[in-house]
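Remarks on the overall topology
Spelled out, the chains give:
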Amino acid sequence: MVGTLHIIGGGMAGLAAAVDAVGTCKHIVLHEAGSVCGGRARSYDDKHLGCRIDNGNHLFLSANKAIFRYLNLIGAVETLTGPKTPLFPFIDVLEDVRWTLSLSRGKLPWWLFQSHRRVPDMRLLELRSLYKLLVATRNTTVAECLLPGTFSQRLLMPFSISALNTSCETGSAALLGAVVRESLFQGGNACIPWFVREGLSETFVTPALAYLRYMQAEIRLQSRITRIDVSQESPPHQRVTALHTTHGAIPLTQDDQVILAVTAPVAQNLLGEHIPHFTTPTDFESILNLHFRLDTPPVPLGSLARCGFIGVIGGIAEWIFLRDSVISVTVSAANRFSDDNLEHLVHRIWYDVRRACDSVLSYPLPLDPPAQRVVWEKRATFAATPLQNHLRPGPTTLLTNLVIAGDWTSTELPATVEGAMRSGMKAVEILGLKKPILH
Ligand SMILES: Cc1cc2nc3c(=O)[nH]c(=O)nc-3n(C[C@H](O)[C@H](O)[C@H](O)COP(=O)(O)OP(=O)(O)OC[C@H]3O[C@@H](n4cnc5c(N)ncnc54)[C@H](O)[C@@H]3O)c2cc1C
């Protein structure tokens, strides 16, 4: 084998790069700083709840081509679950209105002309918001594109806050437009919701590591890269000559290459001194996840039974997922709650859960919140504002043997698993590595 490909970071971007590159002419070494891979999409055993949970609920769409390519390569596509049709149950807890958004599968949006399939009380005129998002310029915010009405309130705003993890007032319309272009605009077949059946690690990490090890890649856990050395030549001939880890230095040969798939602040630390004017996003948004453990698994009814989740409008909770006896709640763009009293917040969110679920479960939920785990991911994603979007660097750098990847690089998508994986796959392509067998 000619040379080694060092992949730094075992999150979704690094794993996707490794899975795409393994089997090429390069020996692959994946360096992950933590004791497990997965990064911001991982599962763990929670002693307090006595079960395994994910750091946060993740929802994907059938439009996510990179995710499905990756899962096919590692043989884990069957670990996803969902309604297998473009259905999204919602409740507006303020107005006490329930509906199930039911998109037609093809590109022609027939669902818009059937009132029982669309957002209640929406006017067709409001669809102009979609057009405004599609043609938005780089500095436009989502709020500037949304026309008043229930289509915005009950669909575009919740869709935006989940996709961008940023408020509509500050979120980039161009980034949301890119998501709309790849999903809603392609018709219902591109909008089928999927989520993991068992856990994020069981879907994205464990099968990927098994595949990589089978393909003779080397996985080094607890291998943090602390510094990189760069050759003294002047650009464009500069290259990485060594990686420093907590266990010592790894010299790189002329044939070795590097994919740096770490978080934005770590990339800034490692590359900032070597690459003049290297920028990365600097503002981040948090995501709050609450996992409630019930004594007995409730039986879901109706659309909740069919889909396994429900969207909530008008409360603090935004998405509620039911998996056996665990009810998990997601609140995006959660920096706005950072000064709130946590106990009070948990009670308000549990109140939303009861409003949303009581009448669609086989038994009413307890009045008080049951045992719970709060996971507050402070730097869940970069803040998807126009300004932060400008700061995202492209994959190539002045260093000829190093390419960067990660959800924060300029993928033209917001920070999502799809964006992270695309960036990892793009990095492999830029380095000219191709699998001998096409899948
Ligand atoms: C709570 C939550 C909910 C989310 N929901 C969704 C969703 O519904 N749908 C969706 O598509 N996306 C969602 N996301 C976003 C998605 O999880 C991320 O976009 C994606 O996981 C980012 O992957 P990444 O590889 O770019 O970065 P990371 O996951 O941050 O991976 C970077 C890796 O690099 C490692 N590392 C860091 N420094 C070093 C070093 N010096 N040396 C070696 N290794 C290092 C880290 O330990 C980490 O494993 C969510 C995120 C969170 C937090």
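Parameters and conventions
- Residues numbered from 1 in each chain as written.
- Predicted model: local features only at pLDDT ≥ 70, side-chain atom pairs only at ≥ 80, totals over all residues.
- Heavy atoms only, no water.
- Domains from an automatic or database assignment.
- Contact = heavy atoms within 4.5 Å.
- Buried area = accessible area lost by both parts, 1.4 Å probe.
- Salt bridge = Lys/Arg side-chain N within 4 Å of Asp/Glu carboxyl O.
- Polar contact = N/O pair within 3.5 Å; in protein donor to acceptor, adjacent residues only side chain to side chain.
- Helix = DSSP H or I, 4+ residues; strand = E, 2+ residues; numbered from the N terminus.
- Nonpolar A, V, L, I, M, F, W, Y, C, P; charged D, E, K, R; others polar.
- Near = heavy atom within 4 Å.
- Areas by Shrake-Rupley, 256 points an atom, 1.4 Å probe, with all protein chains shown as cover.
- Buried < 20%, exposed > 50% of the residue type's maximum accessible area, 1.4 Å probe, protein only.

This part takes up the domain arrangement of the chain. Considered domain by domain, the chain is made up of domain 1 (4-35 + 221-282 + 384-430), domain 2 (45-82 + 194-200 + 284-382) and domain 3 (111-190). With centres defined by C-alpha atoms, the gap from domain 1 to domain 3 works out at 33 Å. Each side of the interface is counted separately: domain 1 has 11 residues, and domain 3 has 13 residues. For the pair domain 1 and domain 3, the summed buried surface comes to about 1000 Å²; carbon and sulfur atoms form 56% of the total. For the domain 1 face of the interface with domain 3, the top three residues by lost area are Ala384, Pro386 and Pro414, together amounting to 48%. At the boundary of domain 1 and domain 3, one finds 1 salt bridge. At the boundary of domain 1 and domain 3, one finds 5 residue pairs in polar contact (both at pLDDT 80 or more). Tallying contributions element by element places helix α10 (residues 386-390) first for the side of domain 1 that touches domain 3, with 3 residues. Residues that form the side of domain 1 that touches domain 3 fall into these classes: 4 nonpolar, 4 polar and 3 charged.

Right, let's talk about the site of the ligand for a bit. Taken together, 34 residues lie near the ligand, and Glu32, Arg40, His58, Leu59 and Asp407 sit nearest. Between the ligand and the protein, one listed contact pairs an oxygen atom with a backbone N or O atom of leucine 59 at 2.7 Å. In this structure, an oxygen atom belonging to the ligand sits 2.7 Å away from a side-chain N or O atom of aspartate 407. In the complex, the protein chains occlude 92% of the 1000 Å² of accessible area that the ligand would expose alone.

Another aspect to go through is the pattern of salt bridges. Any two side chains of opposite charge can pair if their charged atoms end up close together. This model, assessed by the stated rule, comprises 17 salt bridges. Aspartate 340 serves as the salt-bridge partner of arginine 348, at 3.6 Å between the closest nitrogen and oxygen. Judged by its relative accessible area of 34%, arginine 348 is partly exposed. According to the relative accessible area criterion, aspartate 340 is partly exposed, its value standing at 29%. One salt bridge in this structure joins glutamate 418 and arginine 422, with 2.8 Å as the shortest N-O distance. With glutamate 418 and arginine 422 both in helix α11 (residues 417-430) and 4 residues apart, this pair spans about one turn of that helix. What you see here is one network of salt bridges that share partners, running through Asp45, Arg52 and Glu202.

Okay, the side chain of serine 104 next. In this fold, serine 104 is placed in the loop between β8 (97-102) and α3 (128-134). Only 3.4 Å separates the side chain of serine 104 from the backbone oxygen of leucine 108, close enough to count as a polar contact. Side-chain polar atoms of serine 104 contact the backbone nitrogen of tryptophan 110, separated by 3.1 Å.

Before going further, it helps to examine helix α5 (residues 173-182). Summarising burial for α5: 7 of the 10 residues are buried, a large majority. For α5, the complete set of buried residues consists of Ala173, Leu175, Leu176, Gly177, Ala178, Val179 and Val180. Where the residues of α5 are buried, they touch α3, α4 (150-164) and α10. One side-chain oxygen at the N-terminal end of α5 lies 3.3 Å from the backbone nitrogen of alanine 174; it belongs to serine 172.

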